2 protein chains.
Amino acid sequence: MFTKLCRPVPSINFRTVKCFCKPRQLNKYYNIIARANCSASSSFLCDKNVIFVAGLGDIGLDTSKELLKRDLKNLVILDRIDKPELVCELKELNPKTKVTFMPYDVTVPIAESKKLLKKIFDKLKCVDILINGAGILDDHKIEATIAVNYTGLVNTTTAIMDFWDIRKGGPGGIICNIGSVTGFNPITQVPVYSGSKAAVVNFTSSLAKLAHITGVTAYTVNPGITRTSLVAKFNSWLDVEPDVAELLLEHPTQSTKECATSFVKAIEKNKNGGLWFLDQGILEDIKWDKHWDPCI
Amino acid sequence: MFTKLCRPVPSINFRTVKCFCKPRQLNKYYNIIARANCSASSSFLCDKNVIFVAGLGDIGLDTSKELLKRDLKNLVILDRIDKPELVCELKELNPKTKVTFMPYDVTVPIAESKKLLKKIFDKLKCVDILINGAGILDDHKIEATIAVNYTGLVNTTTAIMDFWDIRKGGPGGIICNIGSVTGFNPITQVPVYSGSKAAVVNFTSSLAKLAHITGVTAYTVNPGITRTSLVAKFNSWLDVEPDVAELLLEHPTQSTKECATSFVKAIEKNKNGGLWFLDQGILEDIKWDKHWDPCI
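Every value quoted in this text rests on a predicted model; they were computed, and no experiment measured them.

Undergrad: Would you mind showing me how to read the pairing of strand β8 (residues 282-285) of chain B here?
TA: In the case of a regular strand, side chains alternate between the two sheet surfaces. All names here are of chain B. Here strand β7 (residues 275-279) runs beside β8; their pairing, made up of 4 bridges, is antiparallel. Among the inter-strand pairings, Phe-277 is bridged to a residue of β8, identified as Glu-284. Connecting β7 to the antiparallel partner β8 that follows it, the hairpin turn spans 2 residues, and Gln-280 within it adopts a positive phi of roughly 50°.

Below you can see the structure in the form of structure tokens.
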């Protein structure tokens, strides 16, 4: 079932590209593909500008640390709550990378997201990768779960298209969305959360297939059960299983560090449309069943 | 790929039921299963009380008409906008069924949903089936799409559990959620909509697996491209494909009547966990790939 190495080349259908793109867009897109193809190496992240939404979270923090080993140019962390001591710690890890923190709640109106992104683009000139990692796990909070895990991710993605979309003269970009294995098959005791993650997986697979139009490639990283504060204790839907956290943790899980290692490997693969399953040291690109085809 | 007949028996793992249920709940649940098993016939809907959210919509209206051929006891239609002439038409179709209309916007707070449901339960005493059919298709409207298609459906489902959950002394019930084939594989040009439908599919599959705890069974009906006013013209995400509606309609589609016929057949199958794919006269129970298992 599992493979350790995955194809580094984005799965682009060049025939489709030829059909749909206008010449100018096509050239830009070929450049993006060329960049993507040569990027599947450990030096891929070197000198890149990365925005990481929720880069101070449990998985976020260890992934930020792992990213900092790659000599990024800039790591801009957007998170709801400032944690100055953690930001200081990150800043000290690698003098080659400038780490910046800016407060951001993904549930703000999209106009606010665009304003914040404009500040970042004005300052850095270019951004290479956006990582959308904001998430909550509490099935007592239906609106918040959906607003953060799905609507917030869609809005942040939509907002950055103003700066990246090749149809607007942008340079393209890369979106890395944090899904979850529960987006493939749910933890039935948290149906609201699991459903929100299925939405992220499905949404991102569309983005990947729109790359020939927008110039923006996309993939999901989908961690298995990871020992975070999120998972240590959480509410099931209508309390169908009050001990859901304990029960989950009785089975093999991964540490946030293991998760972070696979996470950054997935980013380095840079595979458009990748559905990365990250669990206990395993990094696998899931193959999704085709049940129907809209033929367009 | 397609089969015309499907197993009418709910896919219940009795071993799981034995593990998790307390005796009283288990007895209740066996009764529900017994009901479900004997129900897969054309007389299943006879004398039933059904709540249909969005029962005046394009697919909703023809499905309401099809339901009325089955001699329901009550059909309570909840929809955002009253259309008195359509309600009158429905009332005249079958004198054995009492048709009632009540205004309902699925985006109201859950407390409002509970109030409305209380009125209905007070009046009818029991409700057998809830059909959640509210949906919009407009990828320019991110918040509204997610609020109606996913959050609204989750809230309405959660609200009715107050009256149905066997843990609260309720009698159990049946939830029929309208998903979409885009929940299996997206129409990439409407990623927000498709993602919201993936959420519905995933959410409902959890509900089905929680039936041994709640006494409430659940399945989705997932129409293929159906010639509705929704599909006649709609906005793609960031206008990635302005002609998405026209392109879709160039391929074989089904009428709302064809869809309604399959829809009611699916209801009559009454299969807990069913993932019904309804397209051009075909009714198939999709088998979902298992990519991982939380083991709880």
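Undergrad: What is the right way to read the packing of aromatic side chains from this model?
TA: Working definition: an aromatic ring pair is given by the centre-to-centre distance plus the angle between the planes. Residues and elements named next belong to chain B. One pass over the full model with this rule turns up 13 aromatic pairs over all chains. Consider the rings of Tyr-150 and Phe-203, whose centres lie 6.1 Å apart with planes at 80°: the pair is edge-to-face. Placement of the pair is Tyr-150 in helix α6 (residues 142-164) and Phe-203 in helix α7 (residues 191-209), with a sequence separation of 53 residues. For the pair Tyr-150 and Phe-203, one class covers both residues: buried.

Undergrad: What should I look at first to understand the pairing of strand β6 (residues 216-223) of chain B in this one?
TA: Residue and element names in this part refer to chain B. The element β6 is largely enclosed, with a buried count of 8 among its 8 residues. The alternating pattern of β6 places Val-216, Ala-218, Thr-220 and Asn-222 on one face and Thr-217, Tyr-219, Val-221 and Pro-223 on the opposite face, and all of these are buried. With 6 bridges connecting them, strand β5 (residues 173-178) and β6 associate as parallel partners. By the bridge assignment, Gly-173 is partnered in β6 with Val-216. When β6 meets β7, the two strands line up parallel, connected through 4 bridges. Among the inter-strand pairings, Asn-222 is bridged to a residue of β7, identified as Phe-277.

Undergrad: Is there a simple way to think about the relation of the copies chain A and chain B in this case?
TA: The two chain copies are related to each other by a rotation about an axis together with a translation along it. Superposition record for chain A on chain B: RMSD 0.0 Å, screw rotation 180°, translation along axis 0.0 Å. Such a turn and shift between the copies fits a two-fold axis. Taking C-alpha positions as the reference, the residue of chain A nearest the rotation axis is Ala199(A), at 2.5 Å. Of the interface residues in chain A, 100% have counterparts in chain B that sit at the interface too, so the contact is made through matching surfaces.

Undergrad: It is not clear to me how the interface of chain A and chain B should be interpreted in this structure. Could you clarify?
TA: Across the contact, 59 residues belong to chain A and 59 residues belong to chain B. Of the roughly 5200 Å² buried where chain A meets chain B, counting both sides, 66% is carbon and sulfur surface. For the chain A face of the interface with chain B, the top three residues by lost area are His291(A), Trp292(A) and Ile296(A), together amounting to 16%. Counting across the interface, chain A meets chain B through 0 salt bridges.

Undergrad: Would you mind going over the pattern of salt bridges with me for this structure?
TA: Side-chain pairs of opposite charge can arise whenever the charged atoms involved come near each other. Per the counting criterion, the structure on display carries 28 salt bridges over all chains. As a salt-bridge pair, Glu246(A) and Lys233(A) come within 3.7 Å of each other at their nearest N and O atoms. Residue Glu246(A) is found in helix α10 (residues 244-249), and its partner Lys233(A) is found in the loop between α9 (229-232) and α10; the two are separated by 13 residues along the sequence. Relative accessible area serves as the criterion here: at 36%, Glu246(A) is assigned to the partly exposed category. According to the relative accessible area criterion, Lys233(A) is exposed, its value standing at 54%. The partner of Asp285(B) in a salt bridge is Lys271(B), and the shortest N-O contact between them spans 2.4 Å. Note that Asp285(B) is positioned in strand β8 and Lys271(B) in the loop between α11 (256-269) and β7, a separation of 14 residues in sequence. For Lys271(B), a relative accessible area of 10% corresponds to the buried category. Several salt bridges converge on common partners, so that one network encompasses Glu66(A), Lys69(A), Arg70(A) and Glu268(A).

Undergrad: I would appreciate a short explanation of α11(B) in the present structure.
TA: Along an α-helix, residues three or four apart share an orientation, since each turn contains 3.6 residues. Residue and element names in this part refer to chain B. Here α11 spans 20 Å end to end across 14 residues, near enough to the 20 Å set by a 1.5 Å rise per residue. Among the 14 residues that make up α11, 10 are buried, leaving the element largely enclosed by the rest of the structure. Along α11, the residues that are buried comprise Thr-256, Cys-259, Ala-260, Ser-262, Phe-263, Val-264, Ala-266, Ile-267, Glu-268 and Lys-269. Just downstream of α11, Asn-270 is the residue with a positive phi angle, here 50°.

Reading the values: rules and limits
- Residues numbered from 1 in each chain as written.
- Chains lettered and ligands numbered in written order.
- Predicted model: local features only at pLDDT ≥ 70, side-chain atom pairs only at ≥ 80, totals over all residues.
- Heavy atoms only, no water.
- Pairing = 2+ DSSP bridges.
- Helix = DSSP H or I, 4+ residues; strand = E, 2+ residues; numbered from the N terminus.
- Phe/Tyr/Trp six-rings, centres within 6.5 Å; stacked < 30°, edge-to-face > 60°.
- Buried < 20%, exposed > 50% of the residue type's maximum accessible area, 1.4 Å probe, protein only.
- Least-squares fit on C-alpha atoms with pLDDT ≥ 70 in both.
- Contact = heavy atoms within 4.5 Å.
- Buried area = accessible area lost by both parts, 1.4 Å probe.
- Salt bridge = Lys/Arg side-chain N within 4 Å of Asp/Glu carboxyl O.
- Expected span 1.5 Å × (residues − 1).

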